[in-house]
Amino acid sequence: MIDTPSGQTPEVASLTPEVPSEAAPLESLKIEKGRGLAGLPWWLFALVLISVWVGFVIYLDSDYREAFTFIKSGIRLTITISLSAYAVALVIGLLAGLGRISSNVVINNVATFYVEFVRGIPMLVLIFFVALVGVPIVVEGLNALGVWIEGLGLGPIAEPLVALQNQSVPMTLRAMIALAVTYGAFLAEIFRAGIQSIERGQMEAARSLGMSYAQAMRYVILPQAIRNVLPALGNDFVAMVKDSSLVSVLAVRDITQIARLYAGRTFRFREAYVTLSVMYLTMTIILSFLVRLLERRLRRHA
Amino acid sequence: MPERDIIVIKDLYKYFGDVKALNGVSLTVERGKVVVIIGPSGSGKSTLLRCINHLEVPTSGEIWIDGEHLHGKHRDINAIRAEIGMVFQLFNLFPHLSVLENVTLAQRIVRKRSPEEAERIAMQQLERVGIPEKAHAYPSQLSGGQQQRVAIARALAMNPKIMLFDEPTSALDPEMIKEVLDVMLDLAREGMTMVVVTHEMGFARAAADEIIFMDEGVIVERATPEELYNNPKEERTKLFLSQILHH
């Protein structure tokens, strides 16, 4: 299943040198031809073997089975929160990425401020910050806005804004926002690098035909840029699935939080964390493999 | 009655940092004329061409295109550019679009033509440049000469009043130069206003109404091809011509 030709550097990696790629567990997946057994990815066999073996243990051992049954109740939330946060992060990232290359001084500085702010703070701290500081500030802001609109005599519009309360924003939603805001900054850098990898002549040709900047972006630059960065975007999705575990600090019941609860209650730390680790490992190996397939497909049709 | 001079350039200066690419250039081009700009590299000829459709913003000076001021407050640069076709040295086709889509894209979103009409015009233009059979190919499947002809068709499909050519054959293999020059010659004969930066002296002689010799950001000499070849007035022109005509 893995027969990447040797010596072929991944196109996108070279196009996007500054992209923060902390994910990609299968990054080192390259078979060196002609090296026989030594060239095989033994580490991958080992990872898969461990996953399968733990799967059997869960199936056969009642303690592990109980841990797994308990923890898997959080899988739905882990997946939902990863998918929805990623979707929002894509939108934020695209806008911020466009902002980063904008020649408008204000837009450019706002976008750069956002990206550097996020990149300068540990993700764990950011999650606390967004959920417990950012969201309340936004709620207060919306309240104030509501009061102002009420003053203009637009009661019906103002009412939901005034009535909005900090407590009414659920922790799950805050966790999702926190992840989206954090990853929006990472994705912004990917989009920026992708757009900048498109040669300048493309924009010039489009503009010389009378297209506006926005039209040239939409029809000429972005289709090429996004295609170039699809693998990088995929890698960041894998990273986000892993980082979604951090939302457990907000007592959101994802698989990590539930594993912690289970371990705390039963003192079966080994069962809880072996099972949890293998659950993440299974997800990331499968996702990374899909990213690799996508990457190869794109390269073939380049 | 449209004005006779379709391009009017006055006192154009363009600095890149300390480098003076254009050092006071004034030039008028009459409707329907073909003007060829020659000169050593770094003489500012490409910069001048790129100022005409505002891809390069001049440091100072003024340009009018068909009576419209290029730096006016209420001018719509996109509308002006739609009237000026440009052909680049490196073709700059859109690699993610087929040949046909390359030629129809701007027609649809800038000229607001229906897909059917855009396609009809695109096919006409592809026939004119001699490669209608490549309509559904992608740029990467074409030779350099074919790509450049598609680029010309793409510009022509907008029905421009002016065509700018920025060294259109200098990135081509020798055997492909002729097919591109033939298309340009046809265009010149049909009365298109053209400004061409090139080193192809054969083309200049056959098609140009005027040749402009530039050096160090200024126009050194401006003459008909016969005058310039047979009787150049400036020393710098003589030197340059002797260098390029010898091989």
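Everything quoted here is computed from the prediction, not taken from an experiment.

Novice: I'd like to hear about the sheet that holds strand β2 (residues 19-30) of chain B, residue by residue, with values.
Specialist: Residue and element names in this part refer to chain B. Taken together, 4 strands build an open sheet; the order of strands is β2-β1-β4-β5 and the sheet is antiparallel. The open sheet has two edge strands, β2 and β5 (68-69), and neither has a second partner. Sitting on the sheet, helix α1 (residues 45-52) is in contact with β1 (5-16), β2 and β4 (60-65), with an inclination near 125° to β1.

Novice: Lay out the packing of helix α5 (residues 105-119) of chain A against helix α8 (residues 171-196) of chain A in plain terms, naming residues and giving numbers.
Specialist: All names here are of chain A. Closest axis-to-axis distance for the α5/α8 pair is 9 Å, and the angle between their directions is 115°. As α5 runs across α8, the sense of the crossing is left-handed. The residues of α8 that touch α5, namely those facing Y114, V115, V118 and R119, are A180, V181, T182, G184, A185, F186, A188 and E189. Classifying every residue of the contact of α5 with α8 gives 8 nonpolar, 2 polar and 2 charged.

Novice: Outline unusual backbone geometry, supporting the account with residue identities and numerical values.
Specialist: Residue and element names in this part refer to chain B. Unlike most non-glycine residues, F91 shows phi in positive territory, near 65°. Residue N92 is not a glycine yet carries a positive backbone phi of 55°. Note on N92: relative accessible area 7%, which makes it buried.

Novice: Please provide a residue-by-residue account of α1(B), values included.
Specialist: Across the 8 residues that make up α1(B), a large majority, 7, are buried. Directly beyond the C-terminal end of α1(B), a positive phi value near 70° is found at H54(B).

Novice: If you had to explain the interface of chain A and chain B to someone new, which residues and values would you point to?
Specialist: At the interface, 17 residues of chain A touch 23 residues of chain B. Summed over both partners, the interface of chain A with chain B buries about 1,700 Å², with 61% contributed by carbon and sulfur atoms. Among the residues chain A hides against chain B, the three largest losses belong to E204(A), S208(A) and L209(A). Together they make up 34% of the total. Linking chain A to chain B there are 1 salt bridge. Linking chain A with chain B are 7 residue pairs in polar contact (both at pLDDT 80 or more), by the criterion used here. Every element with two or more residues in the side of chain A that touches chain B is listed here: α9 (200-208) and α10 (213-243) of chain A. For the side of chain A that touches chain B, the element with the most residues is α9(A), which contributes 8 residues. Of the residues assigned to the side of chain A that touches chain B, the class counts are 7 nonpolar, 7 polar and 3 charged.

Novice: Describe in detail the sheet that holds strand β9 (residues 210-215) of chain B, supporting the description with residues and values.
Specialist: Residues and elements named next belong to chain B. Taking strand neighbours across the sheet as the criterion, the 6 strands line up as β6-β7-β8-β3-β9-β10 in an open arrangement whose pairing is mixed. Two strands close off the open sheet at either side, each with one partner strand: β6 (84-87) and β10 (218-223). This sheet shows a mean twist of 20° between the axes of neighbouring strands, independent of strand direction. Bridge count for strand β7 (residues 162-166) against strand β8 (residues 193-197) is 5 bridges, and the pairing is parallel. Within β8, the position partnered with D166 by the bridge is V197.

Novice: Report on the side chain of T237(B), specifying residues and quantitative values.
Specialist: Residues and elements named next belong to chain B. Considering the arrangement of structural elements, one finds T237 in helix α9 (residues 235-245). Note on T237: relative accessible area 0%, which makes it buried. When neighbours within four sequence positions are excluded, T237 is seen to be in contact with F213, V220, E221, L228 and P232.

Novice: Please provide a residue-by-residue account of the packing of aromatic side chains, values included.
Specialist: Residue and element names in this part refer to chain A. In this structure the tally under the stated criterion is 9 aromatic pairs over all chains. Where F113 meets F117, the ring centres are 5.8 Å apart and the plane angle is 25°; that geometry is what we call stacked. With F113 and F117 both in helix α5, this residue pair falls 4 residues apart, about one helical turn. By relative accessible area, F117 is classed as partly exposed at 33%.

Novice: Now, about the confidence of the model for chain A: what can you tell me, with residues and values included?
Specialist: Residues and elements named next belong to chain A. For chain A, per-residue confidence averages 87 on the pLDDT scale, and residues scoring 70 or more make up 88% of the total. Looking across chain A, the model is least confident in helix α1 (residues 11-15), with a mean pLDDT of 39, and most confident in α9, with 97. Below pLDDT 50 for its whole length, residues 1-23 participates in 54 contacts with residues either more than four positions away or in separate chains.

Novice: An account of a nonpolar patch on the surface is requested, with residue identities and associated values reported.
Specialist: All names here are of chain A. Together, F113, F117, L124, V125, F128, F129, L132, V133, I137, M171 and V249 make up a nonpolar patch on the protein surface, roughly 900 Å² of accessible area in all. Within the residue set of the nonpolar patch, elements represented by two or more residues are α5 and α6 (123-151). Broken down by element, the residue count for the nonpolar patch peaks at 7 residues, all from α6. Along the chain, F128 falls in helix α6. The class for F128 is partly exposed, based on a relative accessible area of 34%.

Novice: Would you mind going over the confidence of the model for chain B in detail, with residue names and values included?
Specialist: In the predicted model, chain B carries a mean pLDDT of 93, and 98% of its residues have values of at least 70. Of the two predicted TM-score estimates for the complex, the pTM is 0.85 and the ipTM is 0.93.

Novice: Could you give me a rundown of the pattern of salt bridges, with the residues and numbers involved?
Specialist: Residue and element names in this part refer to chain A. Applying the stated rule across the entire model yields 23 salt bridges over all chains. Here R268 and E66 are joined by a salt bridge, their closest N and O atoms 3.1 Å apart. With R268 in the loop between α11 (255-266) and α12 (269-300) and E66 in helix α3 (residues 62-71), this residue pair connects regions lying 202 residues apart in the sequence. For R268, a relative accessible area of 24% corresponds to the partly exposed category. Judged by relative accessible area, E66 falls into the partly exposed class, the value being 39%. Note that E189 and R100 form a salt bridge whose closest N and O atoms lie 2.9 Å from each other. Residue E189 is located in helix α8, and its partner R100 is located in helix α4 (residues 75-100); the two are separated by 89 residues in the primary sequence. Residue class for E189 comes out buried when judged on its relative accessible area of 2%. Connected via shared salt-bridge partners are R100, E116, R119, E189 and R192.

Analysis parameters
- In every chain, residue numbers begin from 1 and rise along the written sequence.
- Here the convention is simple: chains get letters from A, ligands get numbers from 1, in the order in which they are written.
- Reporting in this predicted model follows two pLDDT cut-offs: at least 70 for local features of residues, and 80 or more for side-chain atom pairs to be given and counted; totals over whole chains, interfaces and linings ignore these cut-offs and use all residues.
- To get the side-chain values, all heavy atoms of the structure are used, and hydrogens and water are removed first.
- The pairing criterion is simple: DSSP has to find at least two bridges between the two strands.
- For the purposes of this entry, the term helix denotes a DSSP run of H or I that reaches at least four residues, the term strand denotes a run of E that reaches at least two, and both are numbered from the N terminus.
- Note on contacts: a residue pair qualifies if any of its non-hydrogen atoms lie within 4.5 Å across the two residues.
- Simply put, an axis is a line fit to the C-alpha atoms, just over the touching stretch for a helix, and the angle between two N-to-C directions goes from 0 to 180 degrees.
- Crossing handedness follows the turn of the near helix against the far one: under a right angle anticlockwise gives a left-handed crossing, and clockwise gives a right-handed one.
- The nonpolar class holds Ala, Val, Leu, Ile, Met, Phe, Trp, Tyr, Cys and Pro. Asp, Glu, Lys and Arg form the charged class, and all remaining residues, Gly among them, are polar.
- For every residue, the accessible area (1.4 Å probe, protein chains only) is compared with the maximum for its type, and the residue is labelled buried under 20%, exposed over 50%, or partly exposed between those bounds.
- What gets called buried area is simply the loss in accessible area from a 1.4 Å probe that two parts show on being joined, summed for both.
- Salt bridges are identified by distance alone: a Lys or Arg side-chain nitrogen within 4 Å of an Asp or Glu carboxyl oxygen.
- Definition of a polar contact: a pair of N or O atoms within 3.5 Å, with one able to donate and the other able to accept a hydrogen when the atoms are protein atoms, and with sequence-neighbouring residues admitted only if both atoms are side-chain atoms.
- Stacked, tilted and edge-to-face pairs are distinguished by plane angle, under 30 degrees for stacked and over 60 for edge-to-face with tilted covering the rest, among Phe, Tyr and Trp rings (Trp via its six-membered ring) whose centres lie within 6.5 Å.
- Per-residue confidence from the predictor is reported as pLDDT, a score between 0 and 100.
- Residues enter patches when their relative accessible area tops 30% and they take part in no salt bridge; the joining distance is 9 Å for like charges and 5 Å for the nonpolar side chains Val, Leu, Ile, Met, Phe, Trp and Tyr.
- Only the protein chains shown count as cover for residues, and the accessible areas themselves come from Shrake-Rupley with a 1.4 Å probe.

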